[in-house]
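Remarks on the overall topology
Here is how the chains run, residue by residue.
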Amino acid sequence: MEDLKDRFYAITNELALLKDPNCEPICFDADHERRRKEQLNKQWNRTKEQLEEEEMLLAELKRIEVRKREREKKAQDLQKLINMAEAPASPSVSGTCMSPALGKKKGNLRQKASSAAANATTTFNFIPVDISVSAIRFPEFKSAGAHLRSQEMKLPTNIGQKKLKNIEVVLSKCKLDMNPMGTEAIVAAYNEFRSQIILLQELKSTLQTAEFELETLRNRLVEEGKEPFEIEPRMRISTVTEGGLDPEEVTGEEGAPSTTRRITSYIDTSTSTNPLL
């Protein structure tokens, strides 16, 4: 049939060229037509088992694409957390909007208050920690006028109940005051410490998700009869008991945790959709 069609179109093109040398010839590919019919016959003659296998493969392809998008999203979220940790923290209080006289007077008052606090106690040695993460946006007082420094430690209203609870638990476990003295150094370090708690909560949640995915892949390899891989101890976050690891477990070896994860163990990341809890 294809040979007959090929001959027919060839003769038709010859006659058309004799009538009009500028006419467009009709293209017909006999080999392509044979392959097309062959593939059509194979598609039509598929068995029920082959159709079910195709549907199963398409469903598996959709699941793979969904997991790929989820991994990409989690990788982007983790990169945002890393960028947040590397970004310089902005000061919670700025005096750029105050007049020089008010700024100087306020600085003198703070200096006097700090000196009085230092003279009142001889056992308190505070070393402020340079923390470069500000996950919580604390109140800023840029306008002229006096305010209590303790107001700078007030948590914003958009903090969720879960984060508030974790902050309270960590402060309680670390035996820190919920409302410390409002000196300039304490306010800065106290705010940054609470920001670090929130960041640690996000990192722990991300690491738990990664651990769950690794465990899922490992179990899948076992089911398929393949050799499973070993999950490094530093990726095991769901098994950390309250109080963290023993100091003897922090060996410094490759793949092992670098800290005791004491504060991490106090943070609760359980949710209704968390597969680990």
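All of these numbers come straight from a predicted model, not from anything done at the bench.

A few words now on the nonpolar core. Counting residues in hydrophobic clusters, the biggest one holds 14 residues, and the most contacted among them are I136, I167, V170 and I197. Counting residues per element, the ones that place at least two in this core are α5 (161-173) and α6 (184-223). With four residues, α6 is the single largest residue contributor to this core. Every residue in contact with I136, bar those within four places of it in the chain, is listed here: L155, P156, I159, I167, R194, S195 and I198.

This brings us to the packing of helix α1 (residues 2-19) against helix α2 (residues 30-44). Two numbers describe how α1 lies on α2: the axes approach to 9 Å, and their chain directions differ by 145°. Handedness of the α1/α2 crossing: right-handed. Contacts between α1 and α2 involve E2, D3, K5 and D6 from the first element and A30, E33, R34 and K37 from the second.

Within the element layout of this structure, S265 appears in helix α7 (residues 262-266). Using a relative accessible area of 13% as the deciding quantity, one classes S265 as buried. At 2.5 Å, the side chain of S265 forms a polar contact with the backbone oxygen of R262.

Listed under "coiled-coil region" (unreviewed entry) in the UniProt record, and renumbered for this structure, are residues 30-81 and 200-227. As a span, residues 200-227 carries 86% helix and 0% strand, and end to end its C-alpha atoms are 34 Å apart.

Another aspect to go through is the pattern of salt bridges. According to the stated counting rule, one finds 14 salt bridges in the structure shown. Note that R63 is salt-bridged to E60, the shortest N-O span being 2.5 Å. You can see R63 and its partner E60 sitting in helix α3 (residues 48-86), three residues apart, about one turn around the helix. The class for E60 is partly exposed, based on a relative accessible area of 28%. With its nearest N and O atoms 2.9 Å apart, the salt bridge here joins R236 to E215. With R236 in the loop between α6 and α7 and E215 in helix α6, this residue pair connects regions lying 21 residues apart in the sequence. For R236, a relative accessible area of 28% corresponds to the partly exposed category. Each of D3, D31 and R34 takes part in a single network of salt bridges with overlapping partners.

For α5, which comprises 13 residues, the first-to-last C-alpha distance of 18 Å matches the rise-based estimate of 18 Å (1.5 Å per residue) to within 8%. Of all the residues in α5, the buried ones are N166, I167, V170 and L171. Within α5, the buried residues cover an arc of 125° as seen down the axis, which keeps them to one side. In this structure, α5 carries Q161 and K165 as exposed residues pointing more than 90 degrees from its buried face. Where the residues of α5 are buried, they touch α6 and α7.

How each quantity is defined
- Residues numbered from 1 in each chain as written.
- Predicted model: local features only at pLDDT ≥ 70, side-chain atom pairs only at ≥ 80, totals over all residues.
- Heavy atoms only, no water.
- Core = buried A, V, L, I, M, F, W, Y, C linked by side-chain atoms within 4.5 Å.
- Buried < 20%, exposed > 50% of the residue type's maximum accessible area, 1.4 Å probe, protein only.
- Helix = DSSP H or I, 4+ residues; strand = E, 2+ residues; numbered from the N terminus.
- Contact = heavy atoms within 4.5 Å.
- Axes fitted to C-alpha atoms, helices over the stretch in contact; angles between N-to-C directions.
- Left-handed = near helix turned anticlockwise from the far one by under 90°.
- Polar contact = N/O pair within 3.5 Å; in protein donor to acceptor, adjacent residues only side chain to side chain.
- UniProt positions renumbered as here; feature names shortened; annotations may be inferred.
- Salt bridge = Lys/Arg side-chain N within 4 Å of Asp/Glu carboxyl O.
- Expected span 1.5 Å × (residues − 1).
- Arc of directions from axis to C-beta.

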